[in-house]
Structure formats: structure tokens, C-alpha cells
Amino acid sequence: MIWVNTPALFDLSKEERARLVNFNQVLNSGELFRYREDGAQSMCKQLEDQFACHFGKDAAVAVVNGTAATRLALSALGVGPGDRVLVSAYSFIACAMTIVGIGAIPVPMDMSHLLHLDLASASRQIEGVSAVLAVHVRGHAFPMAGLRRVCDEVGVPLIEDACQAVGASSSDGRAGSVADVVVTSFQQSKQVSTGEGGLVSGPLSMVERAYRLADLGAVRRAGRPDWDDDSAVVGENLRLTELQAALALDQLQALPHTIERQRAVRRWLWGDLFDRVQPIRSQSPALDSGAHTLLLATTPKSARAFCSELASSGVLAAVVWPRTYMEFAVMKREPSVKAGVRIGGWPSLSSSLAPRIVGLTVSKYADARALERVADAVNRNADLLEDPRGQ
């Protein structure tokens, strides 16, 4: 189906190719591997440097996807089998799955209210934890300073998952800027997209470990791998290509303009077109990345009905995450997930709200006619929604 509101925030077919300077440069050079033979600076390295600057970190390493970035971040921080990691219960399953995959125990953090982590609960759970992974949702960045203080009190590293929040900010600063480490994704639906890809950014020593783990464990000398060096380790091949990096770099350099356009589109949608609907609002809606509108359905059944009704009008809406990570069958079978729930308790608010939170994407490409069709479909089905301000 051709949707009125495209789910992609970046569509190569709609971009003016001449403006994709870095992408065209790689195409013309024929150098697709980050360790280039032509002597030019790697696009991967440029992307890493500019994202490190964006997040206010020492360094970064670009890898094959956001899940790999999260695994590398945890491993580079020394998290391993049997360690506990606090993780947002309301998050994409890959977040907890990565923790399980390295043999650690995911301990769920519940929400105190919509999109905000329960800091009081996190304070009670923090003892004995090796890391905290806090996940931003669909272009909405929640304030991180409180969680930062909780972690600092016991010396636990804090990781921000900004996979869905590049370009968003809260009253505490830009998503990814408050934590020790930040991970992000370049998957098709993300703000900066190359189909797949990811990045981890943080302190230099941590990034150097992550870089080595992602580069088959080698020590690089003039671009050549050395596995005889005492610093070499057993690693994986998780490198990003030059073509992906160049495409991401073009988008990152255009990000301020893109975010400005997305915010303007959403202001119009919310202010002039929605007449019967209250969207879910972050603490600072004006600082959201702007491409996503979140709505709260009255029940899980109403959420499904709402999405179905909008689809009949050619408007794409979907439940963001239909349940918390521990409620999927594959995770119910994992002993470490069960152990994490015993330690942290059941995240009741996250569990009850997850199947009712509906996401609606309206990108920078939306024109007036598309916005009017989206608003009309939403307004006609407003009876399936409720005002989220009491949640």
C-alpha cells in the first residue's frame, strides 16, 4: 500500500541527489571499505567524529546496527555473564535481548507516568547493578539528569539508547548528551537512515575497546590489522561501509534543517488540524524531533481498531511496542529474564500502557493535503482514544 504518511524519515528517492555530497563522493571514488586505499579520510571516521560532537562525547565508532552498538557498549563497559543491567521495560525487545545475549540479567525499570522512567524505583533497584540502559521513545526525549544522579551515587555507568531520538532534546539537554555512553541506529525508520547501521559514542577508552571488538579484535597500524599485538582481542566484524557512512553523514549535516521542518509540520498538525485529540506530550514537546505523534487508545482493542480504521483511509498508524520485552514468548523462556523480573518486580504501568500507545509518523516530506488527510482520519476515530494527560 502507498501510505499518505510515509513511515521513512529519509527517502532517497525524494532527495535531490546533487545535495548528497558525501554519498556522491563515495560513489565516484569506488572506495566502499572504511580502510581506503586512495588516502582520503574515511567517511566512517568523519561520521564518528561528527556524531561524537553531536552527543558531546570524546569519540564514537560506527557499526552494522543499533543492536550491535548496544552489545558493544555493554561489553566495552565490562558487563558480562551474571551482571545485572537496569533497562527500560517499555522499549524495543532488542534492548533486553542484547543484555540476555551477553549472559547478563535485564532488570526492568517501570514508568512513573507516560514516557518517564520511575526514578524512585530505579533508586531502589540500583544496588548491585553493573549498568543502566535508558531508552528514549519515538522522537520524545525524557529528562535524564535525575537518572544520571541515581547512577552517579553508586558509580554505575549510564547508557542512553537514542536510536529513536536523534535530534530530540529535553530540559536536561540533547538526547544522548547526559549519559556516559550513547547508542543510536541508522535503521530504515530512524531519523538518520542508511537501511541498517548504528553507532556507539562515549569516553575514549571505552570507544577504543568497542572499536577493537567491532574490527575483529585487531590493532590497526596504518590501516592494516595486527593480531600479534598484545592488545589484540577476539572480536567480530561489525564494520559499517563507506557508502552507508557517507549517506548518514549527509543526513547528519542536514539535521538542523530537517528537525526544524519536522517540528513545523507537527505544530500545524497538532495546532490547526487536530480538533478532538490530545497527543501524548513529552515534558518539552517543542524539543521533540517532531516526526512522531503518539496517541493513547482507551484499550488495547481500541488501539488495534484505531490502526485498522486509519489504514482504510491510507494512513499508517501502529502500536509502538505491543507489550513489554518480558511479555514476548521468546523472552518468557529465558531464565535471566525471569530472574530480572524477580529482582526488579513487574513493571505494571509499562505493561498496561504498552498495548495502548499508538505511533503516527509524519515526516518532512508531508504536504498540506497529506496532513489534512491524516488529521481527518485521526479526528474521525477520536472516540477510540483518551486524553493522556492523567497518565
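As shown above, the structure is provided for reference.
Predicted, not measured: the structure shown is a model, and the values here were computed from it. (Residues numbered from 1 in each chain as written. Predicted model: local features only at pLDDT ≥ 70, side-chain atom pairs only at ≥ 80, totals over all residues. Heavy atoms only, no water.)

Trainee: Help me understand the overall build of the chain, please; the structure alone is not making it clear to me.
Mentor: Per the secondary structure count, the chain includes 14 helices and 16 strands. By the compact-globule yardstick of 21 Å for 391 residues, the chain fits well, its C-alpha radius of gyration being 21 Å. Here the chain, with 391 residues, has 57% of them falling under the buried criterion. If you take every contact in the chain between residues at least 6 apart in sequence, the share linking residues at least 24 apart comes to 71%. Surface accessibility of the chain: about 16100 Å² in total, with carbon and sulfur atoms responsible for 50%. Taking the average place of the 40 positive charges on the side chains of the chain and the average place of its 42 negative ones, the gap between the two points comes to 5 Å. (Helix = DSSP H or I, 4+ residues; strand = E, 2+ residues; numbered from the N terminus. Rg over C-alpha atoms; globule rule 2.2 N^0.38 Å. Buried < 20%, exposed > 50% of the residue type's maximum accessible area, 1.4 Å probe, protein only. Contact = heavy atoms within 4.5 Å. Areas by Shrake-Rupley, 256 points an atom, 1.4 Å probe, with all protein chains shown as cover. Lys, Arg positive; Asp, Glu negative; His and termini not counted. Charge placed at Lys NZ, Arg CZ, Asp CG, Glu CD.)

Trainee: Quick question: what am I supposed to make of the pattern of salt bridges here?
Mentor: Pairs can form between side chains of opposite charge once their charged atoms are near each other. Within this structure, the stated rule accounts for 18 salt bridges. Residue R224 is joined to E37 by a salt bridge in which the shortest nitrogen-to-oxygen separation is 3.6 Å. Within this pair, whereas R224 is found in strand β13 (residues 224-226), its partner E37 is found in the loop between α1 (21-29) and α2 (43-55), the two being separated by 187 residues in sequence. For R220, the salt bridge is made with D215, and the minimal N-O distance between the two is 2.7 Å. You can call R220 partly exposed: its relative accessible area is 24%. Look at the salt bridges and you will find they share partners, linking R36, D38 and E242 into a network. (Salt bridge = Lys/Arg side-chain N within 4 Å of Asp/Glu carboxyl O.)

Trainee: Would you mind showing me how to read the sheet that holds strand β1 (residues 59-63) here?
Mentor: Paired through their backbone hydrogen bonds, the strands of a sheet run either parallel or antiparallel. Spatially, the seven strands line up as an open sheet ordered β1-β11-β10-β7-β6-β2-β3, and their pairing is mixed. Of all the strands in the sheet, the pair left with one neighbour each is β1 and β3 (105-109). Across the sheet, the axes of successive neighbouring strands diverge by a mean angle of 20°, strand direction being ignored. The sheet contact formed by strand β7 (residues 158-161) and strand β10 (residues 181-185) spans three bridges and is parallel. Among the inter-strand pairings, I159 is bridged to a residue of β10, identified as V181. Against the sheet, helix α3 (residues 66-76) engages β1, β2 (84-88), β6 (129-135), β7, β10 and β11 (198-202), with an angle of about 165° to β10. (Pairing = 2+ DSSP bridges. Axes fitted to C-alpha atoms, helices over the stretch in contact; angles between N-to-C directions.)

Trainee: Explain the sheet that holds strand β15 (residues 317-319) to me, please; I cannot follow it from the model alone.
Mentor: Strand order in the open sheet formed by three strands is β14-β16-β15, with antiparallel pairing between adjacent strands. With partners counted over all chains shown, the strands left at the sheet margins are β14 (292-296) and β15, one partner each. The sheet shows a mean angle of 30° between the axes of neighbouring strands, taken without regard to direction. Bridge count between β15 and strand β16 (residues 357-361): three bridges; the pairing is antiparallel. For V319, the partnering residue across the bridge sits in β16 and is V358.

Trainee: I'm lost on the side chain of Q125 in this one. Help?
Mentor: Within the element layout of this structure, Q125 appears in helix α5 (residues 119-125). Residue Q125 is classed as buried on the basis of its relative accessible area, which comes to 10%. Here the side chain of Q125 touches P108 through a polar contact of 3.1 Å, landing on its backbone oxygen. When near neighbours in sequence (up to four residues on either side) are disregarded, Q125 contacts L86, V107, P108, M109 and G344. (Polar contact = N/O pair within 3.5 Å; in protein donor to acceptor, adjacent residues only side chain to side chain.)

Trainee: Where do I start with the packing of helix α9 (residues 255-273) against helix α14 (residues 368-380) in this structure?
Mentor: When two helices pack together, their arrangement is given by the angle between the helix axes and by the axis-to-axis distance. One can describe the packing of α9 onto α14 by two numbers: an axis separation of 10 Å at closest approach and a directional angle of 45°. Comparing the axis directions of α9 and α14 gives the class oblique. By crossing handedness, the relation of α9 to α14 is classed as right-handed. Along its contact with α9, which presents V265, W268, L269 and L273, the element α14 presents A368, L371, E372, V374, A375 and N379. Of the residues that constitute the contact of α9 with α14, the class distribution is eight nonpolar, one polar and one charged. (Parallel < 35°, antiparallel > 145°, perpendicular 65-115°, else oblique. Left-handed = near helix turned anticlockwise from the far one by under 90°. Nonpolar A, V, L, I, M, F, W, Y, C, P; charged D, E, K, R; others polar.)

Trainee: Is there a simple way to think about the environment of P300 in this case?
Mentor: Among the structural elements, P300 can be located in helix α10 (residues 300-311). Given the relative accessible area of 31%, P300 is considered partly exposed. Those residues within four positions of P300 in sequence are excluded, and the remaining contacts are P355 and R356.

Trainee: Honestly, the pairing of β11 in this entry has me stumped. Any pointers?
Mentor: The element β11 is extensively covered by neighbouring structure, given that five of its five residues are classed as buried. Neither face of β11 is left uncovered, since the one carrying G198, V200 and G202 and the one carrying L199 and S201 both have all their residues buried. Two elements, β1 and β11, share five bridges in a ladder whose sense is antiparallel. Bridging from a neighbouring strand, V61 pairs with V200 of β11. Sheet topology note: the β10/β11 ladder contains four bridges and is antiparallel.

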